[in-house]
Amino acid sequence: MSDASGTTTADRGSVELHLAERAGGVLVATLTVSNPERLNILDSAILEAFEERLIELGDLDAVGVVVLQGGGDRAFIGGADIRELARLDPTSARAFISRVHRVCAGLRGLPVPVIAKISGYCLGAGLEVAASCDLRVAAEDSQFGMPEVQLGFPSVVEAALLPQLIGWGRTKELVYAGRSFMAREVAGWGLVERVVARRDLDVSVEEWVSAILRAGPRAIRLQKELIDLWERLPLERAIEAGIEIFGRAYESDEPLLRTRQFLERRKDKT
């Protein structure tokens, strides 16, 4: 259920959506997975709330960028709820992991960039959620890992994104060994784009947010659509898709207005 403040409440936590208006009426959306007493772990109720929020976000045309974070400062998302995992059978296991996938797919399917702001533990399903975001910045004391095999089941669903991010060798190290790694080490692999002191997380996120909001809003949405195609298509088809999307950009006046503004600024400087 949802309350008037925009909080979807689960049994032991919530998924909170906050919208902040910037210049021109564009909205910056902040999603917070908030169950800090239990490291923001994902159970079925939290996953359902997460899905609902993502559906809401997808319908908000004024949103320009999304920031995803965990509640408190101990974890981004500490993984799936082990107490719930301990009660699953083959049928309920498929239902649970399909819900994890729907959340990850919902993040990937949002029409604007999603920034993962990572502080603390980012484990298992939490790392899959982070991998589903477009950009990742982590506090230097954050820890990353895929410990599933230690609990008797493999890493699945959006763990399949990891080879694209970090290569096969590092992926195998993560999912076979089940151990955790610090932020600066995984940054060297390409798992996160930035590592900063915890106190600098907000500043680093804002740098990305501001850069994205300075761009053409329709161009950003088309770029995200194209990146999704780049990830899925063979090279020649990906290039062809880019030609089509480039043409679609000119179905609005955004390219003409922005190129003319650029040329006017250059003329003013000469």
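What counts, and where the lines are drawn
Residues numbered from 1 in each chain as written. Predicted model: local features only at pLDDT ≥ 70, side-chain atom pairs only at ≥ 80, totals over all residues. Heavy atoms only, no water. Helix = DSSP H or I, 4+ residues; strand = E, 2+ residues; numbered from the N terminus. Buried < 20%, exposed > 50% of the residue type's maximum accessible area, 1.4 Å probe, protein only. Contact = heavy atoms within 4.5 Å. Pairing = 2+ DSSP bridges. Axes fitted to C-alpha atoms, helices over the stretch in contact; angles between N-to-C directions. Core = buried A, V, L, I, M, F, W, Y, C linked by side-chain atoms within 4.5 Å. 1 Å grid on protein atoms, 1.4 Å probe; cavity = no way out; pocket = protein on both sides within 12 Å on 5 of 7 lines; lining within 4 Å. Points joined across faces, edges and corners; volume = space filled by probe spheres on them. Nonpolar A, V, L, I, M, F, W, Y, C, P; charged D, E, K, R; others polar. Expected span 1.5 Å × (residues − 1). Salt bridge = Lys/Arg side-chain N within 4 Å of Asp/Glu carboxyl O.

Undergrad: What's the story with the environment of Pro255 in this structure? I'm lost.
TA: Mapped onto the elements, Pro255 comes out in helix H10 (residues 254-269). Among the residues examined, Pro255 registers a relative accessible area of 15% and is labelled buried. C-alpha of Pro255 to C-alpha of Arg218: the two residues are 37 residues apart in sequence and 9.4 Å apart in space. Non-local contacts of Pro255, meaning those with residues more than four positions away in its chain, are made with Ala249 and Tyr250.

Undergrad: I keep staring at the sheet that holds strand S5 (residues 75-77) and nothing clicks. Help me out?
TA: Through backbone hydrogen bonds, the strands of a sheet pair up, either in parallel or in antiparallel fashion. Strand order in the open sheet made by the four strands is S5-S7-S9-S10, with mixed pairing throughout. Strands at the two margins of the open sheet, each flanked by one partner only, are S5 and strand S10 (180-182). Sheet twist, expressed as the average angle between the axes of neighbouring strands with direction ignored, equals 25 degrees. Sheet topology note: the strand S7 (residues 121-123)/strand S9 (residues 143-145) ladder contains three bridges and is parallel. Residue pairing across strands places Cys122 opposite Phe144, the latter belonging to S9.

Undergrad: Would you explain the pairing of strand S8 (residues 135-139) in this entry?
TA: Each regular strand carries side chains that alternate between the two faces of the sheet. For S8, the buried fraction is high: four of the five residues fall into the buried class. Pairing of strand S6 (residues 114-118) with S8, which is carried by four bridges, proceeds in the parallel orientation. Bridge assignment links Ile115 to a residue of S8, and that residue is Leu135.

Undergrad: So what exactly am I meant to see when it comes to the nonpolar core here?
TA: In summary, soluble globular proteins display a tendency toward joint burial of nonpolar side chains. In this structure, Phe50, Leu68 and Phe144 are the most contacted members of the largest nonpolar core, which totals 53 residues. With near-sequence residues (within four places) excluded, Phe144 lies in contact with Ile118, Cys122, Leu123, Leu127, Ala138, Arg179, Ser180, Phe181, Ala183, Val186, Leu191 and Val192. Formed by 13 residues, the second largest nonpolar core is a distinct cluster that contains Val67, Val196, Val209 and Ile220.

Undergrad: Honestly, the layout of surface pockets in this entry has me stumped. Any pointers?
TA: Taking a probe equal in size to a water molecule and rolling it over the atoms shows the remaining empty space. Put simply, the largest pocket is a space of about 500 Å³. Together, 24 residues line the largest pocket, and Ala80, Leu85, Glu148, Leu151 and Phe153 are the ones closest to its centre. Of all the secondary structure elements, the ones that give two or more residues to the lining of the largest pocket are helix H2 (82-85), helix H3 (90-109) and helix H4 (125-131). Among the residues forming the lining of the largest pocket, the class breakdown is 17 nonpolar, four polar and three charged. Looking at the second largest pocket, it is lined by 18 residues, and the ones nearest its centre are Cys133, Asp134, Lys224, Ile227 and Glu231. Breaking the lining of the second largest pocket down by element, the ones donating at least two residues are S8, helix H5 (162-177) and helix H8 (217-232). The element best represented in the lining of the second largest pocket is H8, accounting for six residues.

Undergrad: Is there a simple way to think about H8 in this case?
TA: It helps to recall that an α-helix has 3.6 residues per turn; residues three or four apart then point in one direction. The end-to-end C-alpha distance of H8 is 24 Å, a good match for the 22 Å that 16 residues give at a rise of 1.5 Å each. Packed against the buried residues of H8 are H3, S6, helix H7 (201-214) and helix H9 (235-249).

Undergrad: Quick question: what am I supposed to make of unusual backbone geometry here?
TA: For residues that are not glycine, phi is negative in most cases, and the peptide bond is trans in most cases. Phi angles above zero are rare outside glycine, and Asn40 is one such case at about 55 degrees. Its place among the elements puts Asn40 in the loop between strand S3 (27-34) and helix H1 (44-58). Residue classification places Asn40 among the buried positions, given a relative accessible area of 0%. Even without a glycine there, the phi angle at Val157 is positive, about 35 degrees. Summarising the element assignment, Val157 is placed in the loop between S9 and H5. On the basis of relative accessible area, Val157 is assigned to the partly exposed category, the value being 25%.

Undergrad: When you look at the pattern of salt bridges in this model, what are you seeing that I'm missing?
TA: Charged atoms that come close allow side chains of opposite charge to pair. With the rule as written, the count across this model stands at 19 salt bridges. Across the pair Lys224 and Asp134 runs a salt bridge whose closest N-O atoms are separated by 2.8 Å. In this pair, Lys224 is assigned in helix H8 and Asp134 in the loop between H4 and S8, connecting sequence segments 90 residues apart. By relative accessible area, which is 10% here, Lys224 ends up buried. Look at Asp134 and you get partly exposed, because its relative accessible area is 28%. Two residues, Arg198 and Asp141, come together in a salt bridge whose shortest N-O distance is 2.7 Å. With Arg198 in the loop between strand S11 (194-196) and H7 and Asp141 in the loop between S8 and S9, this residue pair connects regions lying 57 residues apart in the sequence. Bridged by salt links that share partners, the residues Glu51, Arg99 and Arg102 form one connected network.

On their own, these measurements won't tell you what the molecule is for.
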